[in-house]
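Survey of secondary and tertiary structure
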Amino acid sequence: MTVTRFAPSPTGYMHIGNLRTALYSYLIAKHDGGKFILRIEDTDRERLVEGATDIIKSTLAITGLNYDEGPDIGGEHGPYVQSERKEIYMEYAKKLVDMGYAYYCFCSKDRLEKLHEEDSVGGYDRHCRNLSKEEALKNLKAGIPFVIRQKMPLEGTTSYVDSVYGEISMDNSELQDQILIKADGYPTYNFCHVVDDYLMGITHVVRGSEYLTSTPKYVLLYDAFGWERPVYVHLPLLMGKNEDGSVSKLSKRHGAVSFQDLVRDGYLPEAIINYIALLGWCPKNSESEFFDLDGLKAAFTIDGVSKSPAVFDFDKLLWFNGEYIHKMDEDEFNSVIYKFIDKEIPENIKRDKMLSLLRTRISTFKEINDKMDFFITLPEYDKELFLNKKNKISDYDIVRSVLEEARLTLSSLDAFDNDTLFASLMPIAEKLAIKTGTLMWCIRIAVSGMAATPGGATEIMEVIGKEESLKRIDKALSML
Ligand code: GLU
């Protein structure tokens, strides 16, 4: 069975790149009907951020990336938080020492710092690599602080095959005797993720390509223990577009790059997931770019993952988001939109009508605020706005006639819905011998103060109501 995991470090926010890793990892498991595990990698105790694990869990819940095993829900391979597994790593590190693939290192901080200053190449000089067993034991007994280091082969090469990048080889002479267990007793990422991936039965390790070149060190650990290596799936880098047209690693300076920020800005989780699924993966048998999570599960295969860096395009995400919003039904839309509305909506406004006019005209929920402004307050505008070639309006006489007639008709109305308004105003066109377009143009400019509006004259009037409509027409007449 395919078993994958998402193994984030709790950094305090969910970077869009991490979410993509979670998504791909989830999809690889679920495409095969396999298992998806969440593991929290919190052994870097200096970088811990309070509440960070909750952000990870809530992001996965909101996006529907439900895990089969993990913190809170448990499972047969728990615990799923690395700081709760400290003893396990020590036990495996000691096993490696016994087998000759690792060793105790007692070098003091001072010594290492000096070494660092003197040696421009950097790295550890393997000073403790050949300590005898007796010496090591004596030091341990004396309570000298220690770390445990991996004993890298000094010659030859180490290779593995990555599913996306192909064969990766590294000269062993380039490998440092990296630390497996730190002086505080906690393991390094380099060590504990290997132990956990093995113990949790992970068949496919899915993660960012920044780990591509350190993976030879990890496969050496698998080999030392005699464990079967997992399938590696390293994902292409995520880049952002810079102002000068170049690209660089996607970061905050490119815009909102955390899931939480995007949601706060009015993006839909479904749209974000759909868009990031396509950042580094291309569906094999589909013309459409639209996928919900079930569609992705069915379509996602590793051979569709590309190794070229993927560029995060905010405009494309915006477009996707708009498409998702426009497809929402009215109730669904109304149940989320109020969270994003940051101004009072006056009594005269017919809210549902207004929202249904705006729903298909926004690309993020937040845009609703700017778009609804003109319903609430008539913008300042110049009377020249009435003049319009297409509608053959070249002077203000016709505008004045239309608005005077319209005023008369409107003030006599009791019902003020779109259909009534339209039916009652139509005769004016005949009376003045003008086209409907010309009639409605004049009224629409008067009630909106804008050349382009969501909805036509009568729809806008239905939203703002009789009193406000008449007020706006009076204002126009006084300007003309
Ligand atoms: N904790 C690592 C990270 O967040 C996980 C890398 C991996 O998936 O192995 O980058």
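Our subject in this report is the structure included herewith. Being a predicted model, the structure only gives us computed values, none of them experimental.

To continue, consider the overall build of the protein chain. In terms of regular secondary structure, the protein chain is built from 18 helices and twelve strands. Over its C-alpha trace the protein chain gives a radius of gyration of 32 Å, far above what one expects of a compact globule, namely 23 Å for 480 residues. Expressed as a percentage of its 480 residues, the buried residues of the protein chain come to 51%. Of the accessible surface of the protein chain, which amounts to about 23,100 Å², a share of 50% is contributed by carbon and sulfur atoms. Of the side chains in the protein chain, 58 bear a positive and 75 a negative charge, and the two mean positions are spaced by 2 Å.

What follows concerns the side chain of Ser248. On the secondary structure map, Ser248 appears in strand β11 (residues 247–249). For Ser248, a relative accessible area of 17% gives the class buried. The contact partners of Ser248, leaving out residues within four places of it in the chain, are Met239, Gly240, Asn242, Arg253 and His254.

When its volume is computed, the largest pocket comes out at roughly 920 Å³. Lining the largest pocket are 35 residues, and of these Pro8, Ser9, Asn18, Glu210 and Tyr211 sit closest to its centre. At the level of elements, β1 (3–6), α1 (16–31) and β8 (204–208) are the ones that each hand at least two residues to the lining of the largest pocket. Residue contributions to the lining of the largest pocket peak at four residues, all from α1.

Ranked by internal contacts, the top residues of the largest apolar core, which has 137 residues, are Leu23, Phe191, Phe375, Leu403 and Ile443. Leaving out residues up to four positions away in the same chain, Leu23 has contacts with Leu65, Ile273, Ile276, Ala277, Leu293 and Leu296. Within the second largest apolar cluster, seven residues are counted, among which are Cys107, Tyr124, Cys128 and Val147.

The next thing to look at is the environment of Val81. Along the polypeptide, Val81 turns up in the loop between α2 (52–63) and α3 (86–99). Spatially, the C-alpha atom of Val81 lies 4.7 Å from that of Ile40, the residues being 41 residues apart in sequence. Residues within four places of Val81 in sequence aside, it is in contact with Ile40, Asp42 and Pro71.

What you see with strand β2 (residues 35–38) is no split at all: Lys35 and Ile37 on one side and Phe36 and Leu38 on the other are buried throughout. Taken together, β1, α1 and β2 constitute a β-α-β crossover, and its handedness is right-handed.

This brings us to empty space enclosed by the protein. Overall, the coordinates contain one cavity of 30 Å³ or more when judged by the stated rule. Each pocket or cavity is described by its volume, and for the largest cavity that value is around 60 Å³. If you trace the largest cavity, you find it lined by Pro8, Ser9, Pro10, Thr11, Gly12, Tyr13, Met14, Asn18, Ala52, Ile55 and Ile56. A per-element tally of the lining of the largest cavity places α2 first, with three residues.

A word on the site of the ligand. In the neighbourhood of the ligand, the contacting residues comprise Arg5, Ala7, Pro8, Ser9, Glu41, Tyr189, Arg207 and Tyr211. The side chain of Arg5 places a nitrogen or oxygen atom 2.5 Å from an oxygen atom of the ligand. Contacts to the ligand include Arg207, whose side-chain N or O atom sits 3.0 Å from an oxygen atom. Burial of the ligand by the protein chains amounts to 85% of its free accessible area of 300 Å². Judged by its atoms lying within 2 Å of the grid points, the ligand is housed in the largest pocket. A class-by-class count of the residues in the shell around the ligand yields four nonpolar, one polar and three charged.

A separate point is the sheet that holds strand β7 (residues 179–181). Here we have three strands laid out as an open sheet, ordered β3-β4-β7, and antiparallel in their pairing. Where the open sheet ends on each side, the last strands, each with one partner, are β3 (102–105) and β7. Looking at each pair of strands side by side, their axes are set apart by 40° on average, direction ignored. Sheet topology note: the β3/strand β4 (residues 147–150) ladder contains four bridges and is antiparallel. By the bridge assignment, Tyr104 is partnered in β4 with Ile148.

With that settled, consider the environment of Gly70. Tracing the backbone shows Gly70 in the loop between α2 and α3. Once residues within four sequence positions are removed from consideration, Gly70 is found in contact with Leu38 and Tyr80.

To continue, consider the state of the cysteines. On inspection of all chains with the given rule, the structure shows zero disulfides. Of all cysteine sulfurs in the structure, the one in Cys128 sits closest to Cys107, which takes part in no disulfide; the separation is 3.6 Å. Given a relative accessible area of 14%, Cys107 falls into the buried group.

This part is about the environment of Ala452. Here Ala452 shows up in the loop between α17 (436–448) and α18 (457–479). When the C-alpha atoms of Ala452 and Tyr13 are compared, they prove to be 39 Å apart, with 439 residues separating the residues in sequence.

Here is what the cut-offs are and how they apply
Residues numbered from 1 in each chain as written. Predicted model: local features only at pLDDT ≥ 70, side-chain atom pairs only at ≥ 80, totals over all residues. Heavy atoms only, no water. Helix = DSSP H or I, 4+ residues; strand = E, 2+ residues; numbered from the N terminus. Rg over C-alpha atoms; globule rule 2.2 N^0.38 Å. Buried < 20%, exposed > 50% of the residue type's maximum accessible area, 1.4 Å probe, protein only. Areas by Shrake-Rupley, 256 points an atom, 1.4 Å probe, with all protein chains shown as cover. Lys, Arg positive; Asp, Glu negative; His and termini not counted. Charge placed at Lys NZ, Arg CZ, Asp CG, Glu CD. Contact = heavy atoms within 4.5 Å. 1 Å grid on protein atoms, 1.4 Å probe; cavity = no way out; pocket = protein on both sides within 12 Å on 5 of 7 lines; lining within 4 Å. Points joined across faces, edges and corners; volume = space filled by probe spheres on them. Core = buried A, V, L, I, M, F, W, Y, C linked by side-chain atoms within 4.5 Å. Right-handed = clockwise from strand over helix to strand, strands pointing away. Near = heavy atom within 4 Å. Polar contact = N/O pair within 3.5 Å; in protein donor to acceptor, adjacent residues only side chain to side chain. Sits in = over half its atoms within 2 Å of the grid points. Nonpolar A, V, L, I, M, F, W, Y, C, P; charged D, E, K, R; others polar. Pairing = 2+ DSSP bridges. Axes fitted to C-alpha atoms, helices over the stretch in contact; angles between N-to-C directions. Disulfide = S-S within 2.5 Å.

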